[in-house]
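# Architecture and fold: a report
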Amino acid sequence: MTETSAPDLSGDRSLDLSIDITIETGDAGQRVDRLLAERLADLSRSRLKALIEDGRLTVDGATITNPSMRVKPGQRLRLDPPPPVDDRPLPQAMDLTIVYEDTDLLVLDKPVGLVVHPAAGNQDHTLVNALLAHCGDSLTGIGGVRRPGIVHRLDKDTSGLMVVAKSERAHVILSAAFADRTIERAYWAVVWGMPNPREGEIDGPIGRSSSNRKKMAVVAGGKPALTRYKVVRPLGLGAALVECRLATGRTHQIRVHMTEIGHPLIGDQTYGRVRSGRLKDLTPAAAAAATLFPRQALHAWLLGFDHPTTGEHLSFKSPLPADLAGLVAILE
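Residues numbered from 1 in each chain as written. Predicted model: local features only at pLDDT ≥ 70, side-chain atom pairs only at ≥ 80, totals over all residues. Heavy atoms only, no water.

Moving on, we come to unusual backbone geometry. Cis geometry marks the peptide bond from Asn196 to Pro197; its omega dihedral reads 10°. Considering the arrangement of structural elements, one finds Pro197 in the loop between β9 (184–192) and β10 (199–203). If you check the backbone angles, Arg181 has positive phi at about 65° while not being a glycine. The residue Arg181 is located in the loop between α4 (168–179) and β9 in this model. (Helix = DSSP H or I, 4+ residues; strand = E, 2+ residues; numbered from the N terminus.)

Okay, here's the thing in structure tokens:
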């Protein structure tokens, strides 16, 4: 038997959520994550594994971060889960570049480094937090508690245009337009090398990589994905500015597809790491700029859609931000 002491749930739960377990003879040799999963029905094994790896388990007072550790009789385990996080993001005022706004929606130019909605590792200071501060209570709950107003997203390190719904009607109509692929979206990407042909389609299903579950890849059985690309202009001999248009909206689609045809984005630490062969056609200054560029060179420059209330077609353009414009200038 294992002696388990549950946390005191009376009064303020934030005071002490720790769970104490004493290992008895019959439990000897079990993996600690498996034992905890058996005893704590309200926590999944994957959640327990994450808590252990985060340093929230001690054994006889020593912090343990290995979920596969085998327990021994007499050991005293203490698990200290973090306090629960409120599902409702808090308003946090931030400077936003809003290029259009009315009672139904707004269009903004998202800067590099801004996460769109709260998630693990980024619980606040996201675009959602900024929108709640900008729009007030009117935005709360539109399209969901955790992602109010959000109908599409850009990666943290992708800059450019986004549309946000400010009413439930606008959210439904815009979400349907994205699903039906009637939204016009175009991106500028700075890629290694010169795609050949200079204009074409990349049609490859995208799913989780079998070798790295944190990455996406073109895989059999993935979700259908289609990207249309066109070289805007060469950038010297070793890079190119490419326009990409999405017919689908898969996670990391442009980054995965351009890598698939051998021309990953400059600065993409996940899909386009620097290789010495890529640098041979660049000047020393260009090679240094490309090697040190701190984010994937991707910018959502064009966004067009029909207004969900008036039906008027709206179209917005965003110039290259300063960091990408500087990279292009050096490469040329």
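Don't stop here, the text continues.
Looking at the protein chain, the pLDDT average stands at 88 and 92% of residues meet or exceed 70. Note that pLDDT drops below 50 for residues 4–15; the model gives that stretch 14 contacts with residues more than four away or on any other chain. (pLDDT = per-residue confidence, 0-100. Contact = heavy atoms within 4.5 Å.)

For side chains bearing opposite charge, pairing can occur when the charged atoms are close. Summed over the entire model, instances satisfying the criterion amount to 16 salt bridges. Among the salt bridges present, the one from Arg233 reaches Glu332, with a minimum N-O distance of 2.6 Å. On the criterion of sequence distance, the pair formed by Arg233 in strand β13 (residues 226–235) and Glu332 in the segment after α8 (322–331) is long-range, its members being 99 residues apart. Residue classification places Arg233 among the partly exposed positions, given a relative accessible area of 33%. The residue Arg245 makes a salt bridge to Glu243 at a minimum N-O spacing of 2.9 Å. Through salt bridges with shared partners, a single network forms among Arg153, Asp155, Arg255 and Asp268. (Salt bridge = Lys/Arg side-chain N within 4 Å of Asp/Glu carboxyl O. Buried < 20%, exposed > 50% of the residue type's maximum accessible area, 1.4 Å probe, protein only.)

Turning our attention to the side chain of Arg185. Along the chain, Arg185 falls in strand β9. Within the buried set, Arg185 has no salt-bridge partner at all; the shortest N-O distance to an opposite charge, 10 Å, is to Glu184. Ignoring sequence-local partners within four residues, the contact set of Arg185 consists of Phe178, Cys244, Arg245, Leu246, Thr248, Gly249, Leu302 and Leu303. (Lys, Arg positive; Asp, Glu negative; His and termini not counted.)

As a further point, take the layout of surface pockets. Over the atoms rolls a probe the size of a water molecule, and its path tells where empty space is left. Quantified by volume, the largest pocket comes out at close to 1100 Å³. Around the largest pocket, the lining is made up of 36 residues, and of these Arg153, Asp155, Arg250, Thr251 and His252 lie nearest the centre. The set of elements that each furnish at least two residues to the lining of the largest pocket consists of α4, β9, β14 (239–246) and α5 (253–260). For the lining of the largest pocket, the leading source of residues is α5, giving 3 residues. (1 Å grid on protein atoms, 1.4 Å probe; cavity = no way out; pocket = protein on both sides within 12 Å on 5 of 7 lines; lining within 4 Å. Points joined across faces, edges and corners; volume = space filled by probe spheres on them.)

What follows covers the nonpolar core. Counting residues in hydrophobic clusters, the biggest one holds 30 residues, and the most contacted among them are Leu127, Leu131, Val242, Ile254 and Met258. When residues of this core are traced back to their parent elements, those giving at least two are β7 (105–110), α3 (127–135), β8 (159–165), β9, β13, β14, α5 and β15 (298–306). Element by element, the count of residues in this core is highest for α3, at 5 residues. Leave out the neighbours within four places in its chain, and Ile254 touches Tyr187, Thr227, Cys244, Leu246, Leu265 and Leu298. Counting 21 residues, the second largest nonpolar core, distinct from the first, contains Leu282, Ala286, Ala297 and Leu324. (Core = buried A, V, L, I, M, F, W, Y, C linked by side-chain atoms within 4.5 Å.)

Before going further, it helps to spend a moment on the pairing of strand β5 (residues 76–79). On a regular strand, one side chain projects to one face of the sheet and the next to the other, so that they alternate. Along β5, the buried face is formed by Leu77 and Leu79; none of Arg76 and Arg78, which line the opposite face, is buried. Two elements, strand β2 (residues 19–22) and β5, share 4 bridges in a ladder whose sense is antiparallel. Within β5, the position partnered with Thr22 by the bridge is Arg76. Where strand β3 (residues 57–59) lies against β5, 3 bridges are found, and the strand directions are antiparallel. The residue bridging Val59 from the neighbouring strand is Leu77, located in β5. (Pairing = 2+ DSSP bridges.)

Let's shift gears to the packing of helix α1 (residues 32–39) against helix α2 (residues 45–53). Two elements in contact, α1 and α2, have axes separated by 9 Å at closest approach and are oriented at 130°. In this view, α1 runs oblique relative to α2, as classed from their interaxial angle. For the element pair α1 and α2, the recorded crossing hand is right-handed. Contacts between α1 and α2 pair Val32, Asp33, Arg34, Leu36 and Ala37 from the former with Arg45, Leu48 and Ile52 from the latter. (Axes fitted to C-alpha atoms, helices over the stretch in contact; angles between N-to-C directions. Parallel < 35°, antiparallel > 145°, perpendicular 65-115°, else oblique. Left-handed = near helix turned anticlockwise from the far one by under 90°.)

With that settled, the discussion passes to empty space enclosed by the protein. Per the counting criterion, the structure on display carries 1 cavity of 30 Å³ or more. Estimated volume of the largest cavity: approximately 40 Å³. Lining of the largest cavity is provided by His152, Leu161, Arg185, Ala186, Tyr187, Ala300, Leu302 and Leu303. When contributions to the lining of the largest cavity are tallied by element, the ones reaching two or more residues are β9 and β15. Classifying every residue of the lining of the largest cavity by side-chain character gives 6 nonpolar, 1 polar and 1 charged. (Nonpolar A, V, L, I, M, F, W, Y, C, P; charged D, E, K, R; others polar.)

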